[in-house]
Amino acid sequence: MRFTEFNFHPQILEGIEASNYETATPVQEQVIPPILEGRDVIASAQTGTGKTAAFLLPVMNRLLTNHVDGQVGALIIVPTRELAIQISQHIEGLSYFTHLSSIAIYGGNDAQNFVAEKKALQMGADVIVCTPGRMIAHLNMGYVNMKGLRFLILDEADRMLDMGFQDDINKIIKALPAKRQNLLFSATMPEKIRQLAKRILHEPVEINIAISKPPEKIIQKAFLVYEPQKLPLIKKLLRETPYKNALIFCSRKQTVKQVRRELKQSGFNIEEIHSDLEQAQRESVLGSFASGRIPLLVATDILSRGIDIDTIDLVINWDVPGDGEDYVHRIGRTARAEADGAAFTLVGEKEQNKFAVIERLLEKEVEKAPVPKELGETPAYHPRSRSHGHSHSQGHGERPKRKFFKSSSRKR
Ligand code: AMP
C-alpha cells in the first residue's frame, strides 16, 4: 500500500518521501487508518516493523490538520533515553516540512535542557517524547500543563513494566485529561500488559504483527549488485551451487517471464509460475518440479506461501521482496523438514533500503557475499534506513522555521 492512499497532509507526505519510504509496512497499513479515525489502538509489534512511523504519521497528521497552539498535543512515553532520542530523530525527519514542534524529555542531561523542557511542558509543544522518571520530576514541580493533550502513546510498554515503571506511568496518566486517544505498543502481550490496556484504552482496535523468524539452518547471503549484473550473477550462482530443486522469486510476473526466457536461452531447464497461468497449468508445472523433472522454477510471490516441497535446497531472490514477512516466506521454502538450504538475495542498488529494513526486522545482518570479480565493480552497502531519521542534505527545500525549543537535534 502506498502512502498516498492514506490521505495525509501534503507536508506529511513530503516528510515521508524525503525519508525514502515508498510503501507502508504491514503494521503501518493496519495501524494508521484506525488512528486517523480517532480509535484507541493496542498493537503488538517489534522494533524493525516500522511501528514508530505507524503511530507518528497519523498523530502528526491530526495535530497538523487540527492545530492548537500553546498546548501539549501528544505525549509519547518510552522506557529508555536511547529510544526517546531515536523517536525524536524520527519525528524530526517526518515532520521536517511541517511547523510541528517537538521535544525529548529524558533523564541525565544538563540544566539548560531542563529549562527548555519546563518551557515546553508549561507553554506547549506538539509532540513530547519522555521517559517516565524525568516526566515525574517535572510533574512534581507543579507547572506541567496537559490540559490540551489529545494523544497518549505508550511505546515498548512491556519493557516499561519490566523496568518497574508501572507506578510512574499511572502517576503521569493521572495528570492527563480523561478524554484523549490512547495508543499502546508492545513487543509482547503478557497478562500485565492486557491489564494495563484494560485500564487505559477505550474499546481499542487490536493489531497483532508477529513476524516469524526463518529457521537458523538456512544459509542466507546477499549479493550487492547493479541491476544489469543480476542476470550474469544468477547464471553463475546456478552453475556453481549444487542443488536438487531451486526456486527463483521475482516480485513481478513480467520479470518472471523475462528471467525464465533468459535462463532457458542459456540452457537451463526452467519453468515459470505466476498469476497468468491457469490453475491446471500451475499444478502441472509444480508436479514436474516436485518430481525433479524440472529442477528450476521461477515464480512470483504467489508461490512464497504454501508450497511444501522437501527437495528445495536453494532459493534465490531476484529482487528484494516488499516486506520482511514476504522475505521470511520466500526463504522458508527451502530447508524444509530435515533438509538444509541456502537463500541468496540479489540486492540492487536501489533496493538497499528495503533490504536493511528486513535485516532490522530479522534482527540479523545477512552476510554480504563477494560478487565474482569478472562481473566488475559493485555498489557498497549504504542503506539509508539503517540509521533513524534521514539526511537533509539532498535539496528538499528550505527548512521551515521552528519553535525554538525543538530539541531533538542537539542530543545526537
Ligand atoms: P521501527 O520499527 O519504527 O524501529 O522502524 C524500523 C526502520 O524502518 C527505521 O529505520 C525506519 O526509518 C524504517 N521504516 C519505517 N517505515 C518504513 C517504510 N514504510 N519504508 C521503509 N523504511 C521504513
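Asks: Describe the nonpolar core, and please don't skip the residues or the numbers.
Replies: Membership of the largest hydrophobic core comes to 42 residues, with the highest contact counts inside it found for Phe55, Ile76, Ile87 and Ile153. When residues of this core are assigned to their parent elements, the largest contribution, nine residues, is made by helix α3 (residues 51-65). Those residues in contact with Ile153 that sit more than four places away from it in its chain are Phe55, Val59, Ala74, Leu75, Ile76, Ile77, Leu183 and Phe185. Membership of the second largest hydrophobic core comes to 35 residues, among which are Ile128, Ile173, Leu184 and Ile193.

Asks: Give me the pattern of salt bridges: which residues, what numbers.
Replies: Within this structure, the stated rule accounts for 17 salt bridges. The residue Lys192 makes a salt bridge to Asp162 at a minimum N-O spacing of 2.8 Å. Placement of Lys192 in helix α9 (residues 191-200) and of Asp162 in helix α7 (residues 157-162) is noted, with a sequence separation of 30 residues between them. Residues joined by salt bridges that share partners form a network here, namely Lys51, Asp155, Glu156 and Arg159.

Asks: Lay out the site of the ligand in plain terms, naming residues and giving numbers.
Replies: Residues in close proximity to the ligand total 16 residues, the closest being Tyr21, Gln28, Gly48, Gly50 and Thr52. A distance of 2.9 Å separates a nitrogen atom of the ligand from a polar atom in the backbone of Thr23. Separating an oxygen atom of the ligand from a backbone N or O atom of Gly50 is a distance of 2.7 Å. In the complex, 94% of the free accessible area of the ligand, which totals 500 Å², lies under the protein chains. Looking at the shell around the ligand, the elements with two or more residues in it are α3 and α14 (352-362). Taken together, the residues of the shell around the ligand sort by class into three nonpolar, 11 polar and two charged.

Asks: I'd like to hear about the sheet that holds strand β4 (residues 125-130), residue by residue, with values.
Replies: Taken in spatial order, the seven strands of this open sheet run β3-β4-β2-β5-β6-β1-β7, and their pairing is parallel. Looking at which strands have only one partner, the edges of the open sheet turn out to be β3 (102-105) and β7 (205-209). With direction set aside, neighbouring strand axes in the sheet form an average angle of 15 degrees. Its contacts with the sheet put helix α2 (residues 26-36) on β1 (41-45), β6 (181-186) and β7, and the angle it makes with β7 is roughly 170 degrees.

Asks: A description of the domain arrangement of the protein should follow, citing residues and the corresponding values.
Replies: How large an interface is tends to be reported as the accessible area lost when its parts come together. For the protein, the assigned domains are domain 1 (3-209) and domain 2 (218-375). Averaged C-alpha coordinates put domain 1 and domain 2 at centres separated by 39 Å. Each side of the interface is counted separately: domain 1 has five residues, and domain 2 has five residues. Taking both partners together, domain 1 and domain 2 bury about 460 Å²; carbon and sulfur atoms supply 53% of that area. If you sort the residues of domain 1 by the area they bury against domain 2, Pro26, Thr47 and Gly48 come out on top, with a joint share of 62%. In this assembly, domain 1 and domain 2 are joined by zero salt bridges. Joining domain 1 to domain 2, the criterion identifies zero residue pairs in polar contact (both at pLDDT 80 or more). Residues belonging to the side of domain 1 that touches domain 2 are distributed by class as follows: one nonpolar, four polar and no charged.

Thresholds applied
Residues numbered from 1 in each chain as written. Predicted model: local features only at pLDDT ≥ 70, side-chain atom pairs only at ≥ 80, totals over all residues. Heavy atoms only, no water. Core = buried A, V, L, I, M, F, W, Y, C linked by side-chain atoms within 4.5 Å. Buried < 20%, exposed > 50% of the residue type's maximum accessible area, 1.4 Å probe, protein only. Helix = DSSP H or I, 4+ residues; strand = E, 2+ residues; numbered from the N terminus. Contact = heavy atoms within 4.5 Å. Salt bridge = Lys/Arg side-chain N within 4 Å of Asp/Glu carboxyl O. Near = heavy atom within 4 Å. Polar contact = N/O pair within 3.5 Å; in protein donor to acceptor, adjacent residues only side chain to side chain. Areas by Shrake-Rupley, 256 points an atom, 1.4 Å probe, with all protein chains shown as cover. Nonpolar A, V, L, I, M, F, W, Y, C, P; charged D, E, K, R; others polar. Pairing = 2+ DSSP bridges. Axes fitted to C-alpha atoms, helices over the stretch in contact; angles between N-to-C directions. Domains from an automatic or database assignment. Buried area = accessible area lost by both parts, 1.4 Å probe.

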